[in-house]
Amino acid sequence: MEIKFAPFNKTENIDQQRALFIDCFPETNGEVIQAKEHYDWKFHSFPGNIKSWEYASYIADDMVGYYAAIPYHYKIAEKEVSVGMVCDVMTSSKYRGKGIFTKMGAYSTTELTAQVPFTMGYPIRKEVIPGHIKIGWKIPFSLPLYMKFIRMNALLKSKKIGILIPLANVIICLYNIIFKEKSIKSYSFTLSSNIQEIADYETFTNEWSNSVQNSLIKDLPFAIWRYGAPERSYKFLSIKDLNEKMVAFVSFRKILKEGVPSYGILDYMVLPGFENCHGIINNVLVKSAKNEKVEAIMTMMSKKSALKYKLHKNGYFKSPFLFQLIIKNLTKEFSDEELFNEDNWHLMWVDSDDL
């Protein structure tokens with residue numbers, strides 16, 4: 001069985017790539033993420049000269065594997081670099097267990113060595129971890145999924161224990177009353193559905209980036225792209241102090257997880273010195289969720305960030321679901337200490353391709 005590896009040719013093989021995606025991610029059935037429009041947005045519209053790097057593996061004329069990375073821009077220890085954010089790694093279900101996943105990863109990351117100093121990924125499936133580790137990826141730290149329930153109706157109905165809904169909702173209500181920071185009156189907020197309406201966005205993100213050693217460069221072109229996925233809509237919460245200075249920003253969208261209507265928080269940034277605004281952020285999110293009949297709020301971040309952003313104090317708990325940050329240090333331009341230290345990062349879904 002001869003396996004051939006090559007840069008992916010969209011013109012010739014897009015139909016095979018989309019068929020492979022459907023085969024590998026059946027849970028996306030019926031979603032826009034399966035469409036060519038989503039693929040084009042994701043891999044061919046990134047702001048900048050380089051849109052993505054794509055690689056494929058073939059047995060005869062059959063496409064059996066695909067591996068891609070998007071050139072996210074980061075500030076790493078005061079230096080700006082492109083980083084390979086690896087996503088949509090897949091192997092045909094017909095050929096699993098034959099080492100294709102590992103060989104595809106080795107080939108692709110070798111090709112990427114000439115392009116970026118390191119690659120990053122955020123797998124949640126445990127079965128893919130050994131294949132990554134085998135070719136030199138490492139797991140610096142985990143990124144748990146944190147959840148805050150507002151109502152338990154949909155979850156308990158899905159578990160066929162709807163009889164417990166009244167009691168569960170009372171318990172959740174009491175829990176959220178106990179774990180809730182005060183909403184400070186010295187802050188104001190604005191909710192928007194258009195990132196370009198937030199006049200101070202870039203000024204704020206530049207200041208926030210300077211407070212984090214390793215930070216994604218979230219300038220307006222990136223934000224317009226990131227929140228421009230086909231048939232998806234996002235909300236943006238900005239917080240200002242009495243001097244009209246923007247001190248916090250939260251992006252989120254309505255999702256359906258395990259049958260539960262939820263908010264997924266993609267980004268959550270607060271400037272140092274304004275940590276007492278978490279209360280108003282929580283208050284706005286909960287009120288908006290109730291208005292939209294959303295029953296849970298969830299986000300992905302490290303344990304260190306969750307502590308800093310006071311998730312537990314505002315009613316969130318660490319769920320059993322766990323993402324892993326994986327990094328492959330390709331060129332050693334940056335030390336493992338710079339890349340693997342949890343204290344140096346504030347990673348969330350916005351750093352990935354999820355949501």
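Residues numbered from 1 in each chain as written. Predicted model: local features only at pLDDT ≥ 70, side-chain atom pairs only at ≥ 80, totals over all residues. Heavy atoms only, no water.

Details of the overall build of the protein
Per the secondary structure count, the protein includes 11 helices and 13 strands. By the compact-globule yardstick of 20 Å for 355 residues, the protein fits well, its C-alpha radius of gyration being 21 Å. Each of the three principal axes of the protein carries a C-alpha extent, and together these read 65 × 50 × 35 Å. Burial analysis of the protein (355 residues in total) assigns 55% to the buried set. Put simply, of all contacts in the protein between residues at least 6 apart along the chain, 74% involve residues at least 24 apart. Here the protein displays about 16,500 Å² of accessible surface, and carbon together with sulfur accounts for 54% of that area. (Helix = DSSP H or I, 4+ residues; strand = E, 2+ residues; numbered from the N terminus. Rg over C-alpha atoms; globule rule 2.2 N^0.38 Å. Buried < 20%, exposed > 50% of the residue type's maximum accessible area, 1.4 Å probe, protein only. Contact = heavy atoms within 4.5 Å. Areas by Shrake-Rupley, 256 points an atom, 1.4 Å probe, with all protein chains shown as cover.)

Here we look at helix H7 (residues 201-209)
Along H7, the positions that sit buried rather than exposed are Tyr201, Phe204, Thr205, Trp208 and Ser209. Each buried residue of H7 lies within a common arc of 130° when the element is viewed along its axis, so the set occupies one face. Buried positions along H7 lie against strand S3 (62-76), strand S8 (214-216), helix H8 (220-226), strand S10 (246-257) and strand S11 (260-270). (Arc of directions from axis to C-beta.)

Some thoughts on helix H9 (residues 278-291)
The end-to-end C-alpha distance of H9 is 20 Å, a good match for the 20 Å that 14 residues give at a rise of 1.5 Å each. Judged by how many residues are buried, H9 sits mostly within the fold: 11 of 14 residues are covered. Residues of H9 that are buried include every one of His278, Gly279, Ile280, Ile281, Asn282, Asn283, Val284, Leu285, Val286, Ser288 and Ala289, and no others. Just beyond H9, the residue with positive phi is Lys293, at close to 60°. (Expected span 1.5 Å × (residues − 1).)

Quick word on the pattern of salt bridges
In this structure the tally under the stated criterion is 14 salt bridges. Among the salt bridges present, the one from Asp40 reaches Lys10, with a minimum N-O distance of 2.8 Å. One end of the pair, Asp40, is in helix H2 (residues 36-44); the other, Lys10, is in helix H1 (residues 10-24), with 30 residues separating them in the sequence. Asp40 gets classed as partly exposed once you look at its relative accessible area, which sits at 29%. Using a relative accessible area of 30% as the deciding quantity, one classes Lys10 as partly exposed. Taking the shortest distance from any N to any O, the salt bridge between Asp353 and Lys42 comes out at 2.5 Å. Residue Asp353 is found in the segment after helix H11 (336-340), and its partner Lys42 is found in helix H2; the two are separated by 311 residues along the sequence. Exposure remark for Asp353: the relative accessible area of 24% places this residue in the partly exposed category. (Salt bridge = Lys/Arg side-chain N within 4 Å of Asp/Glu carboxyl O.)

Observations concerning empty space enclosed by the protein
Counted under the stated rule, the structure contains three cavities of 30 Å³ or more. In this structure, the largest cavity occupies an estimated 50 Å³ of space. As for the largest cavity, its lining consists of Tyr268, His278, Ile281, Asn282, Leu285, Tyr309, Lys310, Leu311, Asn314 and Tyr316. Counting residues per element, the lining of the largest cavity draws most heavily on H9, at four residues. (1 Å grid on protein atoms, 1.4 Å probe; cavity = no way out; pocket = protein on both sides within 12 Å on 5 of 7 lines; lining within 4 Å. Points joined across faces, edges and corners; volume = space filled by probe spheres on them.)

So, the layout of surface pockets
In this structure, the second largest pocket occupies an estimated 250 Å³ of space. Around the second largest pocket, the lining residues are Lys148, Ile150, Asn169, Cys173, Asn176, Ile177, Lys180, Asn282, Asn283, Val286, Lys287 and Lys290. Take the lining of the second largest pocket: its biggest share by element is five residues, from H9.

As for the packing of aromatic side chains
Across all of its chains, the model carries 25 aromatic pairs by this definition. A centroid spacing of 6.1 Å and a plane angle of 15° characterise the contact between Phe149 and Phe317, whose relative ring orientation is stacked. Of this pair, Phe149 sits in strand S6 (residues 138-149) while Phe317 sits in strand S13 (residues 317-329), and the two are 168 residues apart along the sequence. Summarising the aromatic geometry, the rings of Phe323 and Trp349 are spaced 6.1 Å apart at their centres and angled 90° between planes, so their arrangement reads as edge-to-face. In this pair, Phe323 is assigned in strand S13 and Trp349 in the segment after H11, connecting sequence segments 26 residues apart. (Phe/Tyr/Trp six-rings, centres within 6.5 Å; stacked < 30°, edge-to-face > 60°.)

Structural notes on the environment of Asn341
Tracing the sequence through the fold places Asn341 in the segment after H11. Here Asn341 is in contact with Phe141 and Asp336, once residues within four sequence places are set aside. Here the side chain of Asn341 touches Glu337 through a polar contact of 2.9 Å, side chain to side chain. (Polar contact = N/O pair within 3.5 Å; in protein donor to acceptor, adjacent residues only side chain to side chain.)

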